[in-house]
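# Working through the structure, step by step
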Amino acid sequence: MTVKVGVLGYRFMGKAHANAMARLPMFFPDAPDVERHVLVGRDEDALADAADRLGFENTATDWEAVVDEVDVFYNLGPNHVHAEPSIAALEAGTPVLCEKPLANDLESAERMADAAESAGVPTAAAFNYRYVPAIQYAKNLIEDGALGEIHHFRGKYLQDWLVDPEAPWSWRNSEEMAGSGALGDLGAHTIDLARFLVGDVERVSGHLQTFVDERPVEGSDETRPVTVDDAYSAQAELEGGVMATLEASRFANGHKNDHSIEIHGSEGSLKFSLERLNELEVLRGDSRGYETVLVTDEDDPYVDHWWPPGHVIGWEHTFVHENYEFLSAVDSDEEYHPSFHDGLAVQRVLSAIQESDERGEWVDVD
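Just so we're clear, the structure is a prediction, and the values are computed from it rather than from any experiment.

### A short note on the overall build of the protein
Tallying secondary structure elements over the protein gives 9 helices and 17 strands in all. Scaling as 2.2 N^0.38, a compact globule of 366 residues should have a C-alpha radius of gyration of about 21 Å, and the protein matches this with 20 Å. The C-alpha extent of the protein, read off along each of the three principal axes, is 60 × 50 × 40 Å. Relative to its full complement of 366 residues, the protein shows a buried share of 55%. In the protein, once contacts between residues fewer than 6 apart in sequence are set aside, the share between residues at least 24 apart is 70%. With the model as given, the accessible surface of the protein reaches about 16,200 Å², and the carbon-plus-sulfur share is 43%. Distance between charge centres in the protein, computed from 26 positive and 71 negative side chains, equals 5 Å.

Structural data, given as structure tokens:
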């Protein structure tokens with residue numbers, strides 16, 4: 001069976017997922033055959049150029065005409081267009097992969113999760129960092145009890161692309177279109193890793209901050225207001241009484257894409273940074289220091305599909321692993337995680353952090 005894929009969106013994430021689909025037959029020969037069938041967008045000229053570059057056979061400017069003619073639908077558009085196309089695809093019985101965060105508000109995320117439940121087909125919330133081999137290695141260590149009882153989770157995601165107050169306004173600066181700023185764009189990834197590695201978030205105390213209130217519109221003399229956060233921090237309690245601190249910023253000068261976590265347990269600890277994604281720092285037992293483990297051996301997760309030991313992989317490979325797992329689940333009609341249910345769980349935490357900031361008190365995550 002060939003899986004026909006329709007993709008909404010052809011910029012940053014469109015390139016990442018199209019590249020992943022193109023790599024599958026070369027490095028994952030047991031993956032289903034994938035046809036990049038149709039690319040969806042609004043600008044016909046830009047769309048035609050993108051389809052040619054990204055290997056799609058057809059183009060469309062109306063997602064409604066696409067969702068029931070493909071075997072799987074990828075929603076890679078801005079957050080405010082996540083809900084309606086995804087729900088329509090699910091109502092047509094089409095599996096859906098949707099970029100994170102699942103939606104720009106909790107109500108939309110709940111509708112998407114309800115539609116997924118009713119459809120009974122595989123869904124994916126696109127938390128690709130679960131598929132870093134070092135993160136999978138960390139997951140195995142924790143499940144094997146190597147860290148003992150978990151006490152602390154620390155996660156931060158730091159970037160600096162908005163430090164300049166003259167950096168142009170984009171949809172990511174709009175509450176209506178994005179829902180939140182650094183919180184949803186970056187914090188969603190950290191919250192998902194906390195859930196994946198340790199457990200659900202039960203309550204939060206959050207703080208959001210906007211440093212620049214308006215930004216210039218590119219190509220004009222106008223400015224537009226910034227209606228989302230530039231940075232957030234939160235204290236949190238995870239299941240089992242685990243203490244957590246969460247943080248993200250687009251104003252962290254000197255940090256380009258620094259997503260890092262630390263987990264401390266009664267028998268050991270681990271540290272990971274996306275900027276050194278092939279490495280995991282591990283402290284075991286009574287050792288006096290961390291061991292840097294290069295997670296590139298052929299028996300490490302996914303590594304046997306790539307290069308000889310020690311030959312590192314990169315950020316783009318996480319999308320290959322993600323697409324392999326999701327499209328294999330679609331092909332075999334099996335359950336997939338992280339699903340829309342997982343995306344909704346993260347959205348509930350995002351909403352609780354926003355509510356906590358507004359109320360100035362701890363908020364339980366429903």
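### A look at the sheet that holds strand β7 (residues 150–158)
Pairing between the strands of a sheet is mediated by backbone hydrogen bonds and can be parallel or antiparallel. The strand order across the open sheet built from 9 strands is β16-β15-β14-β13-β7-β12-β11-β8-β17, with neighbouring strands paired in mixed fashion. Looking at the sheet topology across the chains shown, the edges are occupied by β16 (291–294) and β17 (363–364). One ladder, built from 4 bridges, connects strand β15 (residues 279–284) with β16; its direction is antiparallel. Considered in β16, the bridge of E281 is made with T292. Together, β13 (258–265), β14 (268–273), β15 and β16 form the strand contacts of helix α5 (residues 133–143), whose direction differs from that of β15 by roughly 20°. Its contacts with the sheet put helix α9 (residues 340–359) on β8 (201–209), β11 (231–238) and β17, and the angle it makes with β8 is roughly 55°.

### What to know about the nonpolar core
Counting 88 residues, the largest nonpolar core has Y74 and L280 as its most contacted members. Per-element accounting of this core gives the leading share, 9 residues, to helix α7 (residues 182–197). Once residues within four sequence positions are removed from consideration, Y74 is found in contact with V5, G6, V7, L8, H17, M21, L97, N323, F326 and L327. Judged by nonpolar contacts, the second largest core, of 24 residues, contains V67, A109, A113 and A116.

### Some points on the environment of A236
For A236, the location among the structural elements is in strand β11. Accessibility expressed as a relative area gives 6% for A236, which makes it buried. For the pair A236 and V204, spaced 32 residues apart in sequence, the C-alpha to C-alpha distance is 4.3 Å. With near-sequence residues (within four places) excluded, A236 lies in contact with V201, R203, V204, V242, M243, A244, L246 and W362.

### Focus: the packing of α5 against α7
At a minimum axis distance of 10 Å, the contact between α5 and α7 shows a crossing angle of 35°. Between α5 and α7, the contacting residues are I135, Q136, A138, K139 and I142 on the first element and L193, F196 and L197 on the second. Of the residues that constitute the contact of α5 with α7, the class distribution is 6 nonpolar, 1 polar and 1 charged.

### As for empty space enclosed by the protein
For the structure shown, the criterion picks out 1 cavity of 30 Å³ or more. Here the largest cavity is characterised by a volume of approximately 30 Å³. N278, V295, T296, V303, W306, H311 and I313 together form the lining of the largest cavity. Of the residues that constitute the lining of the largest cavity, the class distribution is 4 nonpolar, 3 polar and no charged.

### Structural notes on the pairing of β7
On a regular strand, each side chain points to the face opposite its neighbour's, so the side chains alternate between the two faces of the sheet. When β7 meets β13, the two strands line up antiparallel, connected through 8 bridges. Directly across from L158, in β13, lies its bridge partner D258. By the bridge criterion, 7 bridges tie β7 to strand β12 (residues 242–249) in an arrangement that is parallel. Its bridge partner being in β12, L158 is matched across the sheet by S249.

### Quick look at the packing of aromatic side chains
Under the defined criterion, the tally for this structure stands at 12 aromatic pairs. With centroids separated by 4.4 Å and ring planes inclined at 35°, the aromatic side chains of F27 and W306 adopt a geometry described as tilted. Here the residue F27 occupies a position in helix α1 (residues 12–27), and W306 occupies one in the loop between β16 and α8 (315–332), the gap between them amounting to 279 residues. Look at W306 and you get buried, because its relative accessible area is 10%. These aromatic residues form a ring-pair network of at least three members: F27, F28, W306, W307 and Y324. Here the basic side chain of K139 rests over the ring of F196, its NZ or CZ set 4.7 Å away from the ring centre. Over the aromatic face of W169 sits the side chain of R224, whose NZ or CZ is 4.6 Å from the ring centroid.

### Here we look at the layout of surface pockets
Here the idea is plain: a probe the size of a water molecule rolls over the atoms and shows the empty space left. In this structure, the largest pocket spans a volume of roughly 1,100 Å³. Along its surface, the largest pocket is lined by 43 residues, and L76, G77, P78, W171 and R172 are the ones closest to its centre. Only α1, α6 (175–178) and α7 provide two or more residues apiece to the lining of the largest pocket. The residue makeup of the lining of the largest pocket, split by class, is 20 nonpolar, 14 polar and 9 charged. Computed from the structure, the second largest pocket encloses a volume of approximately 330 Å³. Around the second largest pocket, the lining is made up of 17 residues, and of these A116, E117, V121, T123 and S339 lie nearest the centre. When its residues are assigned to classes, the lining of the second largest pocket shows 7 nonpolar, 4 polar and 6 charged.

Conventions used here
- Residues numbered from 1 in each chain as written.
- Predicted model: local features only at pLDDT ≥ 70, side-chain atom pairs only at ≥ 80, totals over all residues.
- Heavy atoms only, no water.
- Helix = DSSP H or I, 4+ residues; strand = E, 2+ residues; numbered from the N terminus.
- Rg over C-alpha atoms; globule rule 2.2 N^0.38 Å.
- Buried < 20%, exposed > 50% of the residue type's maximum accessible area, 1.4 Å probe, protein only.
- Contact = heavy atoms within 4.5 Å.
- Areas by Shrake-Rupley, 256 points an atom, 1.4 Å probe, with all protein chains shown as cover.
- Lys, Arg positive; Asp, Glu negative; His and termini not counted.
- Charge placed at Lys NZ, Arg CZ, Asp CG, Glu CD.
- Pairing = 2+ DSSP bridges.
- Axes fitted to C-alpha atoms, helices over the stretch in contact; angles between N-to-C directions.
- Core = buried A, V, L, I, M, F, W, Y, C linked by side-chain atoms within 4.5 Å.
- Nonpolar A, V, L, I, M, F, W, Y, C, P; charged D, E, K, R; others polar.
- 1 Å grid on protein atoms, 1.4 Å probe; cavity = no way out; pocket = protein on both sides within 12 Å on 5 of 7 lines; lining within 4 Å.
- Points joined across faces, edges and corners; volume = space filled by probe spheres on them.
- Phe/Tyr/Trp six-rings, centres within 6.5 Å; stacked < 30°, edge-to-face > 60°.
- Lys NZ or Arg CZ within 6 Å of the ring centre and 35° of its normal.

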